[in-house]
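Each chain, written out:
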Amino acid sequence: MKKPLGLYIHIPFCRHKCIYCDFLSFDNETATRQIQYINALMSEIRMYKSFADRYIVKTIYIGGGTPSILDEAMIGKIMDTINHIFKVDRFPEITIEVNPGTIKYTDLLSYREYGINRLSIGLQSADDDLLKRLGRIHDYEQFLQGFESARRAGFDNISVDVMSSLPGQDVHTLVDTLTKVCELGPEHISVYSLQVEEGTPLYDREDLRNMIPDESIDRDMYQMTKKVLKTFGYNRYEISNYSKPGYESRHNTVYWTGGQYIGLGLGASSFFKGERFSNTSNLDEYIEICEDIREEMTKDTDINRLYESAVSVMRKNVETIYIDGRMEEFMYLGLRMTAGVSREEFRKRFGRDVFEIYGDVINKYIDQGFMRQDNDRVRLTDAGIDVSNYILADFILDK
């Protein structure tokens, strides 16, 4: 029986990098450089040929960066290569991230032809002044045009990303954005609070950092987000993610439930065969390694030996996840979801009852009103979700 697998495809290119972004991405790269990268990416995908048939790909997520800045034919080549190497499920979830400033109707039609059936559109805010402040390349009108184009192209599964606690944002402005988005009726909405990361332009802008709402306002924004989205029929199924019934992100759920996934592309992270690792984040090195793979594939080279040779230089931060680590991740990732974790599933995976390992911690938070047990499932209460960072850290086992 084939094992389920998720694929993440990293496209590290943007037209312009936002001031808050700490993702591995580059702006103003040449078309030649992009083509080099896509060729390298396809070589990496082919590297998995020797054992790809043991798996069935349930989800594919093409993220970045901004994948939609690529010529749509490049996306087609990526999808063709995946379909040639991997067995893709008959009814997969295949997502591509798009930026409202780069959406073309003709590209959307092509995405549909390639089998892509879900869009993730990065709006962040309906306030044009806030968008300019963040360094976004679009305005709200362009988002509306892109959303309408996506519907005309046949996309019936659209996710919209929104951010809260932006410099100069207040609760009223956030509610206005959420209301406008909900009235459009996307199937999924993600709402993340801005995090200021060292090394980003925002980190060095004290004037903007001083405009970021304080912790109490951030908490008010989170509470209002829940209220507004619930009013419009969106179910919160994870701390920062909401959907209409049946439209929860299947790909992200792979991460939260400890499923196997392979990250393909520069710096992409994986959890595969009991190991967690990431690809090199050096673009020149990545392209060089993949060019060597492509050259070796033209020879009569043993594919298994080629795979082992390539991953030995491409993969960084390789960590074998033993049973304690897998139990930790099962809990602190699974508890991010409002459905919580299953005692039966914990027992299947680890051969022990969750209360045998975590009983003291769970009972402590049940007594405090932050957790509850509903038959087979253990989950955070609404109050627990509000202080989830503090609670989830308690599920790290003592070494």
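Structure: above.
The rules behind the values
- Residues numbered from 1 in each chain as written.
- Predicted model: local features only at pLDDT ≥ 70, side-chain atom pairs only at ≥ 80, totals over all residues.
- Heavy atoms only, no water.
- Helix = DSSP H or I, 4+ residues; strand = E, 2+ residues; numbered from the N terminus.
- Rg over C-alpha atoms; globule rule 2.2 N^0.38 Å.
- Buried < 20%, exposed > 50% of the residue type's maximum accessible area, 1.4 Å probe, protein only.
- Contact = heavy atoms within 4.5 Å.
- Areas by Shrake-Rupley, 256 points an atom, 1.4 Å probe, with all protein chains shown as cover.
- Lys, Arg positive; Asp, Glu negative; His and termini not counted.
- Charge placed at Lys NZ, Arg CZ, Asp CG, Glu CD.
- Salt bridge = Lys/Arg side-chain N within 4 Å of Asp/Glu carboxyl O.
- Core = buried A, V, L, I, M, F, W, Y, C linked by side-chain atoms within 4.5 Å.
- Expected span 1.5 Å × (residues − 1).
- Polar contact = N/O pair within 3.5 Å; in protein donor to acceptor, adjacent residues only side chain to side chain.
- Pairing = 2+ DSSP bridges.
- Patch = residues over 30% accessible without salt bridge, like charges linked within 9 Å, V, L, I, M, F, W, Y side chains within 5 Å.
- Phe/Tyr/Trp six-rings, centres within 6.5 Å; stacked < 30°, edge-to-face > 60°.

**Overview of the overall build of the protein**
Phase 1 of the analysis: Secondary structure assignment for the protein yields 16 helices and 17 strands.
Phase 2 of the analysis: Over its C-alpha trace the protein gives a radius of gyration of 22 Å, about what one expects of a compact globule, namely 21 Å for 399 residues.
Phase 3 of the analysis: Projected onto its principal axes, the C-alpha positions of the protein cover 65 × 55 × 40 Å.
Phase 4 of the analysis: Residues counted as buried form 52% of the 399 residues belonging to the protein.
Phase 5 of the analysis: Considering only residue pairs separated by 6 or more positions, the protein has 71% of its internal contacts joining residues 24 or more positions apart.
Phase 6 of the analysis: As presented, the protein carries roughly 18400 Å² of accessible surface, and 46% of it is formed by carbon and sulfur atoms.
Phase 7 of the analysis: Computed over 49 positive and 63 negative side-chain charges, the separation of the two mean positions in the protein equals 5 Å.

**Considerations on the pattern of salt bridges**
Phase 1 of the analysis: Applying the stated criterion across every chain yields a total of 19 salt bridges.
Phase 2 of the analysis: In the salt-bridge network here, residues are joined through shared partners; they are Arg343, Arg347 and Asp353.

**Some remarks on the nonpolar core**
Phase 1 of the analysis: Ile11, Ile82, Phe86, Met331 and Tyr358 are the most contacted members of the largest nonpolar core, which totals 99 residues.
Phase 2 of the analysis: Excluding residues within four positions of it along the chain, Ile82 makes contact with Leu7, Ile9, Ile45, Ile60 and Val88.

**Remarks on helix 2 (residues 72-85)**
Phase 1 of the analysis: The end-to-end C-alpha distance of helix 2 is 20 Å, a good match for the 20 Å that 14 residues give at a rise of 1.5 Å each.
Phase 2 of the analysis: Looking at the buried side of helix 2, the elements it contacts are strand 1 (3-11), helix 1 (31-46), strand 4 (55-64), strand 5 (87-98) and helix 3 (105-113).
Phase 3 of the analysis: Looking at where helix 2 begins, the residue whose side-chain oxygen comes 2.8 Å from the main-chain nitrogen of Ala73 is Asp71.

**Some remarks on the sheet that holds strand 15 (residues 341-342)**
Phase 1 of the analysis: Read across the open sheet, the three strands follow the order 15-17-16; overall the sheet is antiparallel. The open sheet has two edge strands with one neighbour each: strand 15 and strand 16 (371-374).
Phase 2 of the analysis: Bridge count for strand 15 against strand 17 (residues 377-380) is two bridges, and the pairing is antiparallel. Bridge pairing in strand 17 places Ser342 opposite Arg377.

**Considerations on the environment of Asp128**
Phase 1 of the analysis: By secondary structure assignment, the location of Asp128 is in helix 4 (residues 128-134).
Phase 2 of the analysis: In the structure, Asp128 is positioned 13 residues away from Glu141 in sequence and 9.0 Å away in space, judged by C-alpha atoms.
Phase 3 of the analysis: Sequence-distant contacts of Asp128, defined by excluding residues within four places in its chain, comprise Asp139 and Tyr140.
Phase 4 of the analysis: Engagement of the side chain of Asp128 in a polar contact is seen with the backbone nitrogen of Tyr140, the distance being 2.8 Å.

**A short note on the side chain of Glu187**
Phase 1 of the analysis: Among the structural elements, Glu187 can be located in the loop between helix 6 (171-184) and strand 8 (188-193).
Phase 2 of the analysis: A distance of 2.9 Å separates the side chain of Glu187 from the backbone nitrogen of Ile158, its partner in a polar contact.
Phase 3 of the analysis: Every residue in contact with Glu187, bar those within four places of it in the chain, is listed here: Arg151, Asp156, Asn157, Ile158, Tyr234, Ser243, Lys244 and Tyr247.

**As for the side chain of Ser165**
Phase 1 of the analysis: In this fold, Ser165 is placed in the loop between strand 7 (158-164) and helix 6.
Phase 2 of the analysis: Sequence-distant contacts of Ser165, defined by excluding residues within four places in its chain, comprise Ser193, Leu194, Ile212, Pro213, Asp218 and Met221.

**Observations concerning a negative patch on the surface**
Phase 1 of the analysis: On the surface, a cluster of negative charge is contributed by Glu288, Glu291, Asp292 and Glu295.
Phase 2 of the analysis: By secondary structure assignment, the location of Glu288 is in helix 10 (residues 283-297).

**Looking at unusual backbone geometry**
Phase 1 of the analysis: Cis rather than trans, the peptide bond between Gly64 and Gly65 has omega equal to 15 degrees.
Phase 2 of the analysis: With respect to the helices and strands, the residue Gly65 is situated in the loop between strand 4 and helix 2.
Phase 3 of the analysis: A positive phi angle, close to 60 degrees, is found at Ser165, a residue other than glycine.
Phase 4 of the analysis: For Ser165, a relative accessible area of 3% corresponds to the buried category.
Phase 5 of the analysis: One non-glycine residue, Asn317, lies in the positive phi region at around 55 degrees.
Phase 6 of the analysis: By secondary structure assignment, the location of Asn317 is in strand 14 (residues 315-320).

**Some points on the packing of aromatic side chains**
Phase 1 of the analysis: Taken as a whole, this structure holds 21 aromatic pairs when the rule is applied.
Phase 2 of the analysis: Here Phe330 and Phe350 contribute two aromatic rings whose centre-to-centre distance is 5.8 Å and whose plane-to-plane angle is 85 degrees, an arrangement assigned as edge-to-face. In this pair, Phe330 is assigned in helix 12 (residues 323-334) and Phe350 in helix 13 (residues 343-350), connecting sequence segments 20 residues apart.
Phase 3 of the analysis: Judged by relative accessible area, Phe330 falls into the buried class, the value being 9%.
Phase 4 of the analysis: With a centroid separation of 5.1 Å and 50 degrees between ring planes, the pair formed by Tyr358 and Phe395 is classed as tilted. You can see Tyr358 sitting in helix 14 (residues 354-367) and its partner Phe395 sitting in the segment after helix 16 (388-392), a full 37 residues away along the chain.
Phase 5 of the analysis: A residue is classified by how much of its surface remains accessible, and Tyr358, at 2% relative accessible area, is buried.
Phase 6 of the analysis: You can call Phe395 buried: its relative accessible area is 0%.

**So, the environment of Leu266**
Phase 1 of the analysis: Turning to its location among the elements, Leu266 is positioned in the loop between strand 11 (261-264) and strand 12 (269-272).
Phase 2 of the analysis: As for Leu266 and Leu24, which are separated by 242 residues in sequence, their C-alpha atoms are 8.0 Å apart.
Phase 3 of the analysis: What Leu266 contacts, discounting residues up to four positions off in sequence, is His10, Pro12, Leu24, Phe26, Tyr37, Thr280, Ser281, Asn282, Leu283 and Tyr286.

**Overview of the pairing of strand 16**
Phase 1 of the analysis: Across four bridges, the pairing between strand 16 and strand 17 is antiparallel. Bridge assignment links Arg372 to a residue of strand 17, and that residue is Arg379.
Phase 2 of the analysis: Taken together, strand 16 and the strand that follows it, strand 17, pair antiparallel across an intervening segment of two residues, in which Asn375 is found at a positive phi of about 55 degrees.

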